Each structure stands twice: as C-alpha cells, then as structure tokens.
Amino acid sequence: MLIAVIIALAAGTYGFRVAGVLLRDRLELPEWSRQLLPVGAAALLAALAATAALTESGAFAGYARPAGVLVGLLLAWRRAPFVLVVVAAAGTTALLRLLGVA
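Keep in mind that this is a model prediction, so the values were computed, not measured.

The rules behind the values
Residues numbered from 1 in each chain as written. Predicted model: local features only at pLDDT ≥ 70, side-chain atom pairs only at ≥ 80, totals over all residues. Heavy atoms only, no water. Helix = DSSP H or I, 4+ residues; strand = E, 2+ residues; numbered from the N terminus. Rg over C-alpha atoms; globule rule 2.2 N^0.38 Å. Contact = heavy atoms within 4.5 Å. Areas by Shrake-Rupley, 256 points an atom, 1.4 Å probe, with all protein chains shown as cover. Lys, Arg positive; Asp, Glu negative; His and termini not counted. Charge placed at Lys NZ, Arg CZ, Asp CG, Glu CD. Buried < 20%, exposed > 50% of the residue type's maximum accessible area, 1.4 Å probe, protein only.

Which residues make up the overall build of the chain, and what are the values?
If you tally the helices and strands in the chain, you get 4 helices and 2 strands. Relative to its length of 102 residues, the chain is extended, with a C-alpha radius of gyration of 19 Å against a globular reference of 13 Å. By its C-alpha atoms, the chain is 55 × 40 × 25 Å across when sized along the principal axes. Contacts in the chain between residues at least 24 apart in sequence constitute 38% of all its contacts with a sequence separation of at least 6. Accessible area for the chain stands at about 8,400 Å²; split by element, carbon and sulfur atoms hold 74% of it. Computed over 8 positive and 4 negative side-chain charges, the separation of the two mean positions in the chain equals 11 Å.

Below you can see the structure in the form of structure tokens.
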C-alpha cells in the first residue's frame, strides 16, 4: 500500500511539472495572478519553515530548536558561509538541549 502511495505522489509531481512546461505558452494568466504567484510561493515556504522549526509531532518542539533556527537565520542574514550557519544552528540547539532546555 505504501509503495502505491509513493508511486501516485511521484506521478502527480511529475505530471504537474510536465504540465507547467507544456502549458506555459498556452495558458494566459491575468496580471494580478502573475504578481501574486511569487508571493504565494514565498508564503508557502515560510509556513513550511515555521512549522518545521516550531513543531514536532503536532506539538510545540520546545525552545532549543527555535533558538537554533534563530541563530541560523541571523547568521544567514549576515551572509555567513553556509557551513557556519548550519553548524552554529545545530550547535546552539545541541548546547541548549545539553543544558536542559527543552
């Protein structure tokens, strides 16, 4: 059953990608919707990031993970190297958990 779900999701994803390429010149969107599409994509990514950073199994993940994410965001905003961003975020989370912060 699980493999059937995976295959169906893969086929749907591939179908959406192919449809975008094939219908690109045939489908004319209104100007207002063309302006909203990038905003919608950014909002979706922000919602996914917030959900991953703040929740675990449908409950609040604790304070250590959001603190690590905040450190990573701050370093990324300051244009630190990617490896430093990842290591600092993970290190912050690990240190806070080692100190007993949930």
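Please provide a residue-by-residue account of unusual backbone geometry, values included.
With a phi close to 60°, Ser57 is a non-glycine residue in the positive phi region. Tracing the backbone through its elements, the reader meets Ser57 in the loop between β1 (55–56) and β2 (59–60). Ser57 sits in the exposed class, given a relative accessible area of 79%. Positive phi, normally seen in glycine, also occurs at Arg79, with a value near 60°. You can see Arg79 is positioned in the loop between α3 (64–77) and α4 (82–98).

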